[in-house]
Amino acid sequence: MERYLGIITDECDLESYKESLRNFAARVNKKIDVILLTEVNIIEEFLKENHEKYCRVIFYDYEEFNNIKQLQNVFGLCQHYNLELSIIKQDIHSDVAVELSYLLQVI
């Protein structure tokens, strides 16, 4: 399905993150479901049960992850379920080539 899944893990900026995720999806004419999952480990279970509904998982900021291992795990889950992954604040997308120097600068 051509629908996006926006995941927010930071309750403090919930409304501004929601708005940013919705604006991102609207720019490419995609529908989006935005959910709050305060525990990153719950993402695996959610994707396992719902992956067929979505084509892309979107986070607002890589800082929503506690560490690089969590980001790697989510990336692996997206690959496993054939979903693209985007982190919009840093403009990182799994289907767009990025220079290594840019990634190192962001992280």
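Residues numbered from 1 in each chain as written. Predicted model: local features only at pLDDT ≥ 70, side-chain atom pairs only at ≥ 80, totals over all residues. Heavy atoms only, no water.

Colleague: Mind showing me how you'd approach the side chain of Arg56 here?
Modeller: Its location among the elements puts Arg56 in strand E3 (residues 56-59). In this structure the side chain of Arg56 is engaged in a polar contact, spanning 2.7 Å, whose partner is the side chain of Ser86. If we skip the residues at most four places from it in the chain, Arg56 touches Arg3, Tyr4, Leu5, Leu83, Glu84, Leu85, Ser86, His93 and Asp95. (Helix = DSSP H or I, 4+ residues; strand = E, 2+ residues; numbered from the N terminus. Polar contact = N/O pair within 3.5 Å; in protein donor to acceptor, adjacent residues only side chain to side chain. Contact = heavy atoms within 4.5 Å.)

Colleague: How should the sheet that holds strand E2 (residues 31-36) be read in this particular structure?
Modeller: As a general point, the strands of a sheet are linked pairwise by backbone hydrogen bonds and lie either parallel or antiparallel. As summarised here, the arrangement of the five strands in space is E2-E1-E3-E4-E5, forming an open sheet in which the pairing is mixed. Two strands in the sheet have a free side with no partner beyond their single neighbour: E2 and strand E5 (92-93). Lying on the sheet, helix H1 (residues 14-27) is in contact with strand E1 (3-8), E2, E3, strand E4 (84-87) and E5; it crosses E1 at an angle near 160 degrees. Sheet contacts for helix H2 (residues 42-50): E1, E2 and E3; angle to E1, the most-contacted strand, approximately 165 degrees. (Pairing = 2+ DSSP bridges. Axes fitted to C-alpha atoms, helices over the stretch in contact; angles between N-to-C directions.)

Colleague: Help me out: how do you make sense of the nonpolar core in this one?
Modeller: Among soluble globular proteins, nonpolar side chains are generally buried collectively. Counting 19 residues, the largest nonpolar core has Ile43, Leu47, Val57, Phe59 and Val74 as the members making the most contacts within it. Elements represented by at least two residues in this core include exactly E1, H2, E3, helix H3 (68-80) and E4. At four residues, H3 tops the list of elements feeding residues into this core. Grouped together as the second largest cluster of nonpolar side chains are 13 residues, Leu14, Tyr17, Phe24 and Ile88 included. (Core = buried A, V, L, I, M, F, W, Y, C linked by side-chain atoms within 4.5 Å. Buried < 20%, exposed > 50% of the residue type's maximum accessible area, 1.4 Å probe, protein only.)

It is worth stressing that arrangement in space is one thing and function is another; only the former is reported here.
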